[in-house]
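A closer look at the structure
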Amino acid sequence: MTYIIAFLEGMITFISPCLLPMLPIYVSYFAGGGERSTGKTLTCALGFVLGFTAVFTALGALAGTIGSFLREYRTAVDAVLGLIVIFFGLHFLGVFKFTLFRGSRRRVNTENMGFFSAVLFGVVFSVGWTPCVGAFLGSALALASQQAHVAEGMLMLLAYSLGLGIPFVISAVLIEYLKSAFNWIKKHYKVINAVCGGLLVVIGVLMATGLFGRMLALLG
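Since the structure is predicted, the reported quantities are computational estimates derived from the model, not experimental observations.

From N to C terminus, the protein includes ten helices and zero strands. Its helices and strands in sequence order give the protein the pattern α-α-α-α-α-α-α-α-α-α, from N to C terminus. Taken over 220 residues, the protein has a buried fraction of 46%. Accessible area of the protein: about 11100 Å², with a carbon and sulfur share of 71%.

This structure, assessed with the given rule, holds seven aromatic pairs. On the numbers, 5.6 Å between centres and 80° between planes, the contact of F48 with F52 is edge-to-face. You can see F48 and its partner F52 sitting in helix α3 (residues 38-69), four residues apart, about one turn around the helix. Each member of the pair, F48 together with F52, is buried.

Formed by 46 residues in total, the largest nonpolar core has its most connected members in Y26, F30 and L157. It is helix α7 (residues 150-174) that contributes the most residues to this core, eight residues altogether. Residues within four places of L157 in sequence aside, it is in contact with F56, T57, G60, L137, A140, L141 and A144.

Turning next to the confidence of the model for the protein. Across the protein, the average pLDDT comes to 75, with 75% of residues at or above 70. Low confidence marks residues 100-108, where pLDDT is under 50. Its contacts with residues over four positions away, or in another chain, come to 20 contacts.

Relative to the assigned elements, V202 resides in helix α9 (residues 189-209). For V202, a relative accessible area of 47% puts it in the partly exposed group. Each C-alpha atom, one on V202 and one on G89, is 8.5 Å from the other, the two residues being 113 residues apart in sequence.

Let us look at the side chain of T13. Counting through the fold element by element, T13 comes out in helix α1 (residues 2-14). A distance of 3.0 Å separates a polar atom in the side chain of T13 from a polar atom in the side chain of Y160.

So, on to α9. The end-to-end C-alpha separation of α9 is 30 Å, in line with the 30 Å expected for 21 residues at 1.5 Å each. Listed in full, the buried residues belonging to α9 are Y189, I192, N193, C196, G197, L200, V201, I203, G204, L206 and M207. Once α9 ends, the next one or two residues include G210, with phi positive near 85°.

A word on a nonpolar patch on the surface. Taken together, the side chains of Y3, L155, L158, L162, I166, I170, L174 and Y177 make up a nonpolar region of the molecular surface, amounting to roughly 740 Å² of accessible area. No other element matches the six residues that α7 contributes to the nonpolar patch. One can find L162 in helix α7. Among the residues examined, L162 registers a relative accessible area of 40% and is labelled partly exposed.

With that settled, consider α1. Since there are 3.6 residues in each turn of an α-helix, residues three or four apart along the chain are aligned in direction. Counted at 1.5 Å a residue, the expected span for α1 with its 13 residues is 18 Å, and the 19 Å between its end C-alpha atoms agrees. Among all positions of α1, only T2, I5, A6, E9, G10, I12, T13 and F14 are buried.

What follows concerns the packing of helix α2 (residues 23-30) against α7. Packed helices, taken two at a time, are described by their axes: the angle between them and the distance between them. In the contact formed by α2 and α7, the axes pass within 10 Å of each other and the chain directions differ by 70°. It follows that α2 is roughly perpendicular to α7 by the angle criterion. Residues L23, Y26, V27 and F30 of α2 form the contact with α7, whose participating residues are F168, S171 and A172. Taken together, the residues that form the contact of α2 with α7 break down as six nonpolar, one polar and no charged.

Cut-offs used in this document
Residues numbered from 1 in each chain as written. Predicted model: local features only at pLDDT ≥ 70, side-chain atom pairs only at ≥ 80, totals over all residues. Heavy atoms only, no water. Helix = DSSP H or I, 4+ residues; strand = E, 2+ residues; numbered from the N terminus. Buried < 20%, exposed > 50% of the residue type's maximum accessible area, 1.4 Å probe, protein only. Areas by Shrake-Rupley, 256 points an atom, 1.4 Å probe, with all protein chains shown as cover. Phe/Tyr/Trp six-rings, centres within 6.5 Å; stacked < 30°, edge-to-face > 60°. Core = buried A, V, L, I, M, F, W, Y, C linked by side-chain atoms within 4.5 Å. Contact = heavy atoms within 4.5 Å. pLDDT = per-residue confidence, 0-100. Polar contact = N/O pair within 3.5 Å; in protein donor to acceptor, adjacent residues only side chain to side chain. Expected span 1.5 Å × (residues − 1). Patch = residues over 30% accessible without salt bridge, like charges linked within 9 Å, V, L, I, M, F, W, Y side chains within 5 Å. Salt bridge = Lys/Arg side-chain N within 4 Å of Asp/Glu carboxyl O. Axes fitted to C-alpha atoms, helices over the stretch in contact; angles between N-to-C directions. Parallel < 35°, antiparallel > 145°, perpendicular 65-115°, else oblique. Nonpolar A, V, L, I, M, F, W, Y, C, P; charged D, E, K, R; others polar.

Next up, the structure:
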């Protein structure tokens with residue numbers, strides 16, 4: 001169940017206001033600024049996803065390791081993590097507004113981009129845009145730390161990365177056919193943000209009160 005939640009958080013991150021509008025720019029990067037080639041776009045998109053997946057999975061391993069050391073303080077840790085997730089949710093709901101979550105706007109030299117340079121670009125993305133995707137990434141990391149195990153923490157962030165990466169690759173290749181869908185999403189950002197923020201607040205409350213762990217235990 002937790003992996004499904006992490007996967008869905010990755011998908012919601014993809015349609016967030018700070019990421020989805022930038023997709024056409026990323027696709028132009030993958031094409032090297034020239035005429036689009038489906039094969040090259042797909043290759044670079046896969047490399048890009050591999051780059052940020054490697055970084056996010058490493059963060060998951062770190063979160064799982066920290067969680068294992070703090071296992072005896074589980075109640076206090078869950079309360080703190082729950083409050084952090086609630087904070088992220090309130091940010092999405094518009095209660096708090098911080099420029100920190102807008103991400104980096106620096107341009108990247110992507111001429112003649114290939115698979116390995118796209119992987120590097122994905123690594124740079126994961127670092128430079130962490131504040132932008134921080135709300136749901138932070139929630140996924142909180143879930144990873146609750147697993148209190150390195151392998152499970154890595155799998156949690158792998159699920160998150162797949163949720164972000166799969167629609168990214170599909171959209172990069174089919175962007176010309178998905179413009180109407182993207183436009184619909186952009187027109188309904190207020191509703192989407194409200195739903196996303198509400199989801200985070202609910203998850204945060206469940207984590208802080210310990211109910212989340214009990215629910216997962218029942219489902220398991």
